Amino acid sequence: MSTAPARTPAARKAGRAPRSDRTRDERRLGLLLCAPAVVAMLLVTAYPIIYAVVLSVQQIDLRFPEEGGFVGFDNYVSVLSSELWWQGVFNTVLITVISVSIELVLGMILALVMHRAIFGRGLIRTAVLIPYGIVTVVAAFAWFFAFDPGSGFVNNLPLVADDKAWFGERFSSFAVIIMAEVWKTTPFMALLLLAGLATIDEGLYEAAKVDGASAWQRFTRITLPLLKPALLVALLFRTLDAFRVFDSIFVMTGGSQDTESVSILGYNQLISRLNLGLGSAVSVLIFLMVLVIAVMFVRFLGAAVPAGQGAKR
Amino acid sequence: MAHSSRERTLWTIGLVAILAFALVPVLWLVSLSLKTPATVGDGSFVPKDVTLDNYTALFEGGFDSPLLRPLINSMLIAMIATVIAVTLASFTAYAIARLDFPGKSLVLGGALAIAMFPPISVVGPLFDMWRALGLYDTYPGLIIPYLTFALPLAIYTLVAFFREIPWELEQAAQVDGATPYQAFRKVILPLAAPGVFTAAILVFIFAWNDFVFAITLTSSDASRTVPAALAFFQGESQFTAPTGSIAAAAVLVTVPIIVFVLIFQRRIVAGLTSGAVKG
Amino acid sequence: MLCIAACAGGIAACGDDDGDGGGVTLSWFIFNEPSGAPQEVARDCSQQSGGRYRIEFEYLPAEADQQREQLVRRLGAEDDSIDLIGMDVVWTGEFANAGWIRPVPDATRVAVSENVFDSVLETARFENELYAVPIWSNTQLLWYRKDRVDEVPRTWDDMIEQAEEIGPAEGRIQVQGNRYEGLVVWANQMIESAGTSVVSGPEEVLLERGPTERALAVMGRLSRSPAAAPNIATSTEDTARLGFEGGDSTFMINYPFVYPSAKDNAPEVFEQIAAAKFPRVDPDRESAPPIGGINIGVSSFSDHPDEAFEAAECLVGADNQLRVAELGGLPPVRSDVYDRPEIDAIYPDFAEIIRESIRDAAPRPSQSPAYQDLSLAIQRALSPTTDIDPGDPGRTYDELRDKVEQAVKREGLL
């Protein structure tokens, strides 16, 4: 433990307790260490994000330069009152929830295997990470091509109908999209969980075995709680990314059969229609929804801002 | 440690299943890359007519070939972005995990907010900014956005791991006679390694795979990376998809990833030595 | 010196340079047409210009949507490094209204319009002024197998009946039904063939109920027929070609690129392949085949518009049109080029069909600046085509009309 004195919240707020040199140095060091990263992040995104928000309250279409002007929340009303938007939200939530759940379970299994395999560990770890390293668009295309009734091999498999039109119906399309997403990003979960597993002291398991705990008990009482930090980072970022799914859907159905996600809607307005106002409004709304999800994670699952020394495990 | 043959069998079955899950689509890509244009659509998993033309075509033209410059660009840009991102994130994560200063939640929350904003809205203004600043179609032009969007993930990962490090070990080692540097190197670094290498892999793959920034902020082989270069591949005609060559390119560019991961996967679990924590 | 070398490598930073005996460098932004035809004619024109200009290429991605995205970013930023643009036929109204391309000056207009099909010129006009110079065209034909067809079907209904008789093992019909521009092409031509149009002015929807419902009914009938390809919901020009080459199809609606492709990839199919005109919707009304191709636009922000138009005029000369057809199989835009003997070698037996098809073609509503909105609206309303009930197309008609009206007003989400 660092030897800085612990300060109660009240004392901090009141500011009445004299600040020791050490605390001041610590603060300065802390801010200094954070500064480069903060600058790097703000430099690039401050202007674009503010610009996007400003655009979202304007009526602006690149193809019609003579129009334009402040329109308040009109764009937002347009989006929120559109049936397409809510269907997109539903689709996105559906894909996110299902794929992240599957990835969580599969990722956990993979992490355990990668950690405990009695042989072939290097091979397994490398093989598991390859899907994550394949260029996203190409992976989506490979899945699409595989399931296409004409040129793919899936329909030639024994249990599958020869002319099943996977992308001709809504839920079979979702099935393939989710499979592709799960295949591609389970390694992300598995990697983070593996690193988390690696930090757990073996001694705890041995002690538990001596005490007569079963494998399941060891898993739920030792592994899971100690994995919490890694688990939460993995879940948080994976959910945020899943919510912005674009490539798989775009390549496989183009959004047809009612499989559109909110990102595809945003792309259509912003890039196809060049309606910068509407497109920016969609982006801001996506951002707000993702923000809500992040806040929920932080609040309910305690992916807390780590407080440094004195924090409970 | 002796394992019963039953155990070995179970493990073998499990490993084969996992390998199949991970590699069947990759093998499908390999298969597509080996097919001739005449058979690419025949629906069979194993190519009936094998050709290496897709691969040789990728390197035709030496330095100007469709894949060589983009591959070099991808590797360099991803590596530079990874090194810088992990370094900056380590500083930040160390500060957040160990030190007490105001604005911690702001940094973490802000980082998260930045990672959440849809990139497609950001690339437009970024394009304008970069053209004005002369960063368009350059290495820094891509490295900087990659830094920005990878830092949040790297910071959160490292914070999660740094929180778990028993920092008191550093002091214990010093009490035992080690210099601060030795204590840091022999005790803290190995404990930090899993987190650092995990973050490195994640950042590298993020930069490697990105398409949106690459296609918008580059315009020539001077800085174009592989995902963007794939968009320029042509088939035999305007309407023919260059399936074979794209599959071949995708397979080839996975090789550096495999190498990278093979090197680093051992590091991730090299972590704890059994004596460190018990003391 | 460095700049010339760099420009030869196609780096965007050098827009133009006066280092080559006083001539200017014109940057032509176009996708890399696999046959290399544009590069050939560009080289010839550069030489013929006597040093006045040199055409350099800046390649765009392979897909039309991505080409447009790249162009729009730059044009929106008033980039002066673009001189010539290889434009898809549907971008004209959009680019012109946004002020990104210059209208063609009168002298050039006369020269580049001579003998050019009116349908082609239509795709290059905005508000009845010519804004782009057509270089090559394209259209879709009905490709069929001689060994399975006795009497070539004249209408879609005939074709569906014949195909159903032959049976699903060998009698599939290949079209483009994926949710993308290809579907808009199909739908537009069906509607035009039935006698009406999507729009009648920049902001007026036409879509007369009777003809439109007839067109939609045929699309629905085909999509639900056992003769439809199983992947019709995601079919594109390329999957249609693959399906036809695979042998289980008797009919295909596609561009002429399928002819050399079959020759290379499926010789047994190639022996039986033959072409006819786009099928009719109404038995007694000529069909309206699709029209595609590339028009050359001159950027409003180019520093050398005069040289650019001069270059464009040279590029589309009759001899160059023949070269382009010879190298890439891309149909000429001038009807007199079809009289040349060389054309028969390029399109054996179907040169005349191509000429007629382009002559009778009906463009998509490219004069509308809101074309992308229209395209999205049509895609959304009609995809998947298996949802169109041939017995009750009214439901789909209502949705189509609704979305198209929203599109011309550019309202709401699409």
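All values derive from a computational prediction rather than experimental measurement.

A. Molecular detail of the overall build of chain B. Helix and strand counts for chain B come out as twelve helices and zero strands. The principal-axis extent of the C-alpha atoms belonging to chain B is close to 70 × 65 × 30 Å. Relative to its 279 residues, chain B shows a buried fraction of 57%.

B. Quick look at the interface of chain B and chain A. Residue-level contacts link 93 residues of chain B with 94 residues of chain A. Interface of chain B and chain A: buried area, both sides summed, is about 8700 Å²; carbon and sulfur atoms make up 79% of it. Together, B:Trp11, B:Met116 and B:Phe117 form the three largest contributors to the area buried by chain B at its contact with chain A, with a combined 8%. One can count zero salt bridges joining chain B with chain A. At the junction of chain B with chain A, the criterion picks out 13 residue pairs in polar contact (both at pLDDT 80 or more). Taken together, the residues of the side of chain B that touches chain A break down into 68 nonpolar, 16 polar and nine charged.

C. Inspection of the pattern of salt bridges at higher detail. In total, this model carries 46 salt bridges over all chains according to the counting rule given. Ionic pairing is found between C:Arg125 and C:Asp118, a salt bridge with its closest N-O pair at 3.6 Å. Residue C:Arg334 pairs with C:Asp336 through a salt bridge whose shortest N-O separation is 3.2 Å. Accessibility expressed as a relative area gives 11% for C:Arg334, which makes it buried. Judged by relative accessible area, C:Asp336 falls into the partly exposed class, the value being 26%. Here the residues in one salt-bridge network are A:Asp61, A:Arg63, A:Glu67, A:Arg273, C:Arg68, C:Glu94, C:Asp373 and C:Arg410, joined through shared partners.

D. Main features of the packing of helix H4 (residues 83–116) of chain A against helix H5 (residues 121–133) of chain A. All names here are of chain A. Packing of H4 against H5 leaves a shortest axis separation of 8 Å and a crossing angle of 150°. For the element pair H4 / H5, the angle class is roughly antiparallel. Contacts between H4 and H5 involve Leu-110, Met-114, His-115 and Arg-116 from the first element and Arg-121, Ile-124, Arg-125 and Val-128 from the second.

E. Here's a closer look at a negative patch on the surface. Residue and element names in this part refer to chain C. Residues Asp-150, Glu-151, Asp-158, Glu-161, Glu-164 and Glu-165 make up a contiguous surface patch of negative charge. One can find Asp-150 in the loop between strand E7 (141–145) and helix H7 (156–166). The exposed category is assigned to Asp-150, whose relative accessible area is 84%.

F. Structural detail: the interface of chain C and chain A. In this assembly, 29 residues from chain C lie in contact with 38 residues from chain A. The largest contributions to the chain C side of the interface with chain A come from C:Arg179, C:Arg410 and C:Leu413, which together make up 26% of the buried area. Where chain C touches chain A, the interface holds seven salt bridges. Here C:Glu94 and A:Arg63 are joined by a salt bridge, their closest N and O atoms 3.8 Å apart.

G. Spatial organisation of the nonpolar core. A:Trp85, A:Phe237 and B:Leu151 are the most contacted members of the largest nonpolar core, which totals 165 residues. Ranked by the residues each element gives to this core, the list is headed by helix H6 (residues 139–164) of chain B, at 16 residues. Setting aside its immediate chain neighbours within four residues, A:Phe237 contacts A:Phe188, B:Leu112, B:Ala115, B:Pro152, B:Leu153 and B:Tyr156. Within the second largest apolar cluster, 69 residues are counted, among which are C:Leu130, C:Phe257, C:Leu315 and C:Ile353.

H. Representation of the environment of C:Ala311 within the structure. Residues and elements named next belong to chain C. Checked against the element boundaries, Ala-311 lands in helix H13 (residues 305–315). Residue classification places Ala-311 among the buried residues on the basis of a relative accessible area of 0%. Between the alpha carbons of Ala-311 and Tyr-53 there is a distance of 7.8 Å; along the sequence they are 258 residues apart. If sequence neighbours within four positions are ignored, Ala-311 has contacts with Leu-26, Tyr-53, Ile-55 and Leu-84.

Parameters and conventions
Residues numbered from 1 in each chain as written. Chains lettered and ligands numbered in written order. Predicted model: local features only at pLDDT ≥ 70, side-chain atom pairs only at ≥ 80, totals over all residues. Heavy atoms only, no water. Helix = DSSP H or I, 4+ residues; strand = E, 2+ residues; numbered from the N terminus. Buried < 20%, exposed > 50% of the residue type's maximum accessible area, 1.4 Å probe, protein only. Contact = heavy atoms within 4.5 Å. Buried area = accessible area lost by both parts, 1.4 Å probe. Salt bridge = Lys/Arg side-chain N within 4 Å of Asp/Glu carboxyl O. Polar contact = N/O pair within 3.5 Å; in protein donor to acceptor, adjacent residues only side chain to side chain. Nonpolar A, V, L, I, M, F, W, Y, C, P; charged D, E, K, R; others polar. Axes fitted to C-alpha atoms, helices over the stretch in contact; angles between N-to-C directions. Parallel < 35°, antiparallel > 145°, perpendicular 65-115°, else oblique. Patch = residues over 30% accessible without salt bridge, like charges linked within 9 Å, V, L, I, M, F, W, Y side chains within 5 Å. Areas by Shrake-Rupley, 256 points an atom, 1.4 Å probe, with all protein chains shown as cover. Lys, Arg positive; Asp, Glu negative; His and termini not counted. Charge placed at Lys NZ, Arg CZ, Asp CG, Glu CD. Core = buried A, V, L, I, M, F, W, Y, C linked by side-chain atoms within 4.5 Å.

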